[in-house]
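# Observations on the model geometry
So the chains spell out like this:
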Amino acid sequence: MGRVDDLRTFIYRIDAQDRITFVNREWVEFARENEASELTPENVLGQPLQRYISGWETRHLYELIYQCVREKGREVQVHFNCDSPHLRRSFRMRLFPLDRGALEFSIQVLEIKPVLPRPILDNTIEHSAEVVVICSWCKRIRIENGHWVEIADAMTYRALFGAIPPKLTHDVCEDCFSAIRRQLDDP
Ligand SMILES: [Zn+2]
């Protein structure tokens, strides 16, 4: 299976109170392509960004990142995955300080790779009442022994193929948390 290119840059900005002040056309397109067509400029502008971030651990980590960019007045880069059921998508997010505590997020695709369907990521189908934890950054799943594994491995481990997939709740795995902390602790 080959690689798919996406050369778009997705840009949004927040003010000093973390309210969304700008989204570019590509960002709106991306939301529409990913079953989030309610994310129009009319709906999101003026809203707190944290409203759109799932999981308190993830929100907390984002707050640490904003704080670092504002206090140090320098760019911070983080990598994350934003997968769809059929695609593994790796992104690089760059955060820049703007005037008066505002921040700009500039997100580019590093790699998009088709993968076997992962119904657990499909929001358009029915999910069971069972809940499993996914890392917001790397999209690995936590299994019983506390290990984080790729979704495909988790599906094998838990025999999720064929059954109704469980719901997801978001957290941050130890690897992602320390990788981001290291970025932020750099002078
Ligand atoms: Zn992770």
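Coordinates for the structure precede this section.
Quick look at the structure, then. All values reported here derive from a predicted model rather than from experimental measurement.

Check the secondary structure of the chain and you find 5 helices and 9 strands. In the chain, the succession of helices and strands from N to C terminus is β-β-α-α-α-β-β-β-β-β-β-α-β-α. Relative to the compact-globule value of 16 Å for 187 residues, the chain shows a C-alpha radius of gyration of 17 Å, a close match. Considering only C-alpha atoms, the chain reaches an extent of 50 × 35 × 35 Å along its principal axes. A burial count over the chain gives 44% of its 187 residues as buried.

The zinc ion binds to the protein through Cys135 (SG), Cys138 (SG), Cys173 (SG) and Cys176 (SG), with metal-donor distances spanning 2.2 to 2.3 Å. Around the zinc ion sit 4 donor atoms, and with donor-metal-donor angles ranging over 102 to 115° the site reads as tetrahedral. In the primary structure, the donors to the zinc ion are separated according to the pattern C-x2-C-x34-C-x2-C.

Here we come to the packing of aromatic side chains. All told, the structure shown has 10 aromatic pairs when counted by the stated rule. Note on phenylalanine 80 and tryptophan 137: the rings are 6.4 Å apart at their centroids and 90° apart in plane angle, and the pair reads as edge-to-face. Taken together, the residues span a long stretch of sequence, with phenylalanine 80 in strand E3 (residues 76-81) and tryptophan 137 in the loop between strand E6 (131-135) and strand E7 (141-142) at a distance of 57 residues. Taking the relative accessible area as the measure of exposure, phenylalanine 80 reaches 13% and is therefore buried. Look at tryptophan 137 and you get buried, because its relative accessible area is 2%. An aromatic cluster is defined as three or more aromatic residues linked by ring pairs; in this entry it consists of Phe10, Tyr12, Trp27, Phe30, Tyr62, Tyr66, Phe80, Phe91, Phe105 and Trp137. Looking at arginine 13, its charged tip hangs above the ring of phenylalanine 22, at a distance of 4.2 Å from the centre.

Moving on to the pattern of salt bridges. Inspection of every chain in the model, using the stated rule, returns 15 salt bridges. We note a salt bridge from glutamate 104 to arginine 13, for which the minimum N-O separation is 2.5 Å. Of this pair, glutamate 104 sits in strand E5 (residues 103-114) while arginine 13 sits in strand E1 (residues 9-14); the two residues are 91 residues apart in sequence, bridging distant segments of the chain. Judged by its relative accessible area of 28%, arginine 13 falls in the partly exposed class. Through salt bridges with shared partners, one network takes in Asp6, Arg8, Arg25, Glu26, Glu29 and Glu33.

What counts and what doesn't
Residues numbered from 1 in each chain as written. Predicted model: local features only at pLDDT ≥ 70, side-chain atom pairs only at ≥ 80, totals over all residues. Heavy atoms only, no water. Helix = DSSP H or I, 4+ residues; strand = E, 2+ residues; numbered from the N terminus. Rg over C-alpha atoms; globule rule 2.2 N^0.38 Å. Buried < 20%, exposed > 50% of the residue type's maximum accessible area, 1.4 Å probe, protein only. Donors = N, O, S within 2.8 Å, 3.2 Å for Na, K, Ca; no water. Tetrahedral: all angles 85-135°; square planar, octahedral: opposite > 155°, others 65-115°. Phe/Tyr/Trp six-rings, centres within 6.5 Å; stacked < 30°, edge-to-face > 60°. Lys NZ or Arg CZ within 6 Å of the ring centre and 35° of its normal. Salt bridge = Lys/Arg side-chain N within 4 Å of Asp/Glu carboxyl O.

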